[in-house]
Amino acid sequence: MVGSGPLSTLGAFRWAKGGNDADLGSDSQDISGAREREHRGLRADQGDLSWEEARARHLSWLPSGRLNIAYEAVDRHLETDRRDRVAIRCLGRHDQVTELTYADLARQTGRFANLLGELGVRRGERIFLLLNRSAELYVAALGTLKFGAVLSPLFPAFGPEPVRERIVRGDGVVLVTTPELYERRVVPIRDRLPGLRHILVTGDTNPPAGTTSLTAGLARAADSYPVAPTGPEDLALLHFTSGTTGRPKGAMHVHGAVLAHYVIAHYALDLRPDDVFWCTADPGWVTGTSYGIIAPLVHGLTIVVDAADFDAKRWYRILEQQRVSVWYTAPTALRMLMRHGAALAQNHDLSALRFVASVGEPLNPEVVVWGSEALGHPVHDNWWQTETGAIMIANFAGTDIKPGSMGLPMPGVEVGLLERGADGRALVTDGHVRPIELPSVTGELALRPGWPSMFRGYLHDAERSAECFAGGWYLSGDLATRDADGYLWFVGRADDVIKSAGHLIGPFEVESVLMEHPAVVEAGAIGVPDPVAGEVVKAFVTLRPGIAESEDLRLELLGFGRRRLGAVAPKTIAFDQHLPHTRSGKVMRRLLKARELGLPEGDLSTLESV
Ligand code: ATP
Ligand code: MG
């Protein structure tokens, strides 16, 4: 059963009480004002949803203790009044709308599962999706789970090599794609995918030679499929990490993770039965699967899916026209919206919006406060990883937001900060690590294993999997500070931390300060070798549109940094209008560093092309 071990002994959760006294001036008072509190109005049942309670009362389960994500997300709703509710509303690039009710989704996913059976796929085999955000993607994803095969969604923007590498490493047997993506991404590697047995291509006429038409296959297949009786420990998802720090790792997740998807979304995203939910992440990144597909559907909500990429006007229009009530997005997107100014937001009716959350990168306090002004709600930052499968730390509903902090550990999640060595990583002596205590400490962020969506290892990489655990903790590789109220503040990735004249400097702190300067919209900070200090900070800054680079501005920024940061201020600042980002929106500091030092650039498969 899911959650055996420490989690199953948890009783009702209590709300952690946080102060609102971050050293951020009066802004921090404004954002927990009456309006937000009123919007938050907690339901009576909201404070005590433990794993136990959710497992026993909120999930449906299949006979004999079997558990299947697709059943929880789709088929179980057929017995309820949600049956005819819109589950997924897909907005095409040209605004064409495709809607699937829960009943439609059950039929379509049944067809997909039958099609896999027809192709001779066996349970547990891996199905890769290389699809744009369209109804087919969601049908194939949930149909794969319903069948009991393992789902691995890929970013459609990946080039042929990253696609090939992941399919080969993940032992893919079926690839589902579109004619266009087939042509551009798959043809160049077609003869180097030895294990792949079938390629399903959308569109019903003339599938390319050697492929099968998905559309025709679905049209032929029967609607109903008895959901695979998977166990909670059966593999469900293979998700590759973002590759920010190196070669992407294939994190394996099980069906039992759905318990965490359900419970944590309830707390961290404050989901309520009538919500219209929009998660802007692509399912090629774990956020787009855990929260772009599974959690909201398990809650029986309507999800909005947009096929197009970021566009400020379009996004505001979607929020308005779709009456989105809960919105989960990322810092880079929010920063881009900020660039366009609050006036653009105020031209739209965002009255349906109730809760805004962000993940993926540090969320600068400035953006949190901007959310209150422009969107009418502060942004709730939260922290998690591909490996954790679900949000672990959040400024969650019912707690006070501290702008700039990642928030508090989710109920049921135990966070430790471990003593670190000179390299920033946890000090492990004979398998033992020392957690450090309150108040206000910095260490490697660690989690007590056992939460239901914890990854079950990296595929084909037992050694790297083992390195993530020590002394009874899962080591995240991130450094954080905990304040006296228990809030956690992101310092940096252990790999990105800059060691200068005896100080350990988190790049986020430097970047956040630079971004407070009116000319700066984004920044990336790295350490460069220095004969005296060991390393000194170099920052790359992106200027707001319309602001010209100049020596005067550079000097002004250096002075601004020095005044605000003292000894840890950047010694050099360079202008860079195209900071390298991963496709999931993170600044790739390792690439800035490699370029600066003339080192090999490493794995760039997840680099966003500019
Ligand atoms: P790789 O593991 O391949 O280097 P990655 O760590 O970027 O890539 P993900 O699992 O997509 O891959 O991202 C998780 C990481 O994102 C976290 O470890 C953390 O560094 C960063 N992150 C996520 N949320 C936040 C947040 N709220 N604040 C700061 N950093 C965050
Ligand atoms: Mg990582």
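Here's a quick rundown of the structure.

About the criteria used
Residues numbered from 1 in each chain as written. Chains lettered and ligands numbered in written order. Predicted model: local features only at pLDDT ≥ 70, side-chain atom pairs only at ≥ 80, totals over all residues. Heavy atoms only, no water. Axes fitted to C-alpha atoms, helices over the stretch in contact; angles between N-to-C directions. Helix = DSSP H or I, 4+ residues; strand = E, 2+ residues; numbered from the N terminus. Parallel < 35°, antiparallel > 145°, perpendicular 65-115°, else oblique. Contact = heavy atoms within 4.5 Å. Nonpolar A, V, L, I, M, F, W, Y, C, P; charged D, E, K, R; others polar. Buried < 20%, exposed > 50% of the residue type's maximum accessible area, 1.4 Å probe, protein only. Pairing = 2+ DSSP bridges. Right-handed = clockwise from strand over helix to strand, strands pointing away. Phe/Tyr/Trp six-rings, centres within 6.5 Å; stacked < 30°, edge-to-face > 60°. Lys NZ or Arg CZ within 6 Å of the ring centre and 35° of its normal.

A word on the packing of helix 10 (residues 258–268) against helix 11 (residues 286–298). Direction vectors running N to C along helix 10 and helix 11 enclose 80°, while the axes themselves pass 9 Å from each other. Taken together, the axes of helix 10 and helix 11 are roughly perpendicular relative to one another. Residues Val258, His261, Tyr262, Ile264 and Ala265 of helix 10 pack against Ser290, Tyr291, Ile294, Ala295 and Val298 of helix 11. The residue inventory of the contact of helix 10 with helix 11, partitioned by class, reads eight nonpolar, two polar and no charged.

Attention now goes to the pairing of strand 13 (residues 355–358). Residues Phe355 and Ala357 of strand 13 are buried on one face, and the alternating residues Val356 and Ser358, pointing to the opposite face, are buried as well. Here four bridges tie strand 12 (residues 326–329) to strand 13, and the two strands are oriented parallel to one another. Note that in strand 13 the partner of Tyr328 across the bridge is Ala357. In the sheet, strand 13 pairs with strand 14 (residues 379–383) via three bridges, with the strands oriented parallel. Among the inter-strand pairings, Ala357 is bridged to a residue of strand 14, identified as His380. As a crossover connection, the stretch from strand 13 through helix 15 (residues 365–374) into strand 14 is right-handed.

Turning our attention to the packing of aromatic side chains. Under the criterion given, the structure shown has 15 aromatic pairs. Aromatic side chains Trp278 and Trp315 sit 5.2 Å apart centroid to centroid with 65° between the ring planes, which places their arrangement in the edge-to-face category. With Trp278 in strand 10 (residues 276–279) and Trp315 in helix 12 (residues 312–321), this pair connects stretches of sequence that are 37 residues apart. For Trp278, a relative accessible area of 2% gives the class buried. Three or more aromatic residues link up through ring pairs in this structure, and these residues are Trp451, Phe455, Tyr458, Phe469 and Tyr474. Positioned above the aromatic ring of Phe240 is the side chain of Arg166, whose terminal nitrogen or guanidinium carbon lies 5.6 Å from the ring centre. The side chain of Lys402 reaches across the aromatic face of Tyr487, ending 4.8 Å from its centre.

It is worth spelling out helix 15 at this point. For helix 15, a buried count of seven out of ten residues is recorded, marking the element as mostly surrounded by other parts of the structure. Regarding helix 15, the residues found buried are Pro365, Val367, Val368, Val369, Trp370, Gly371 and Ala374. At the C-terminal side of helix 15, Gly376 shows a positive phi close to 85°.

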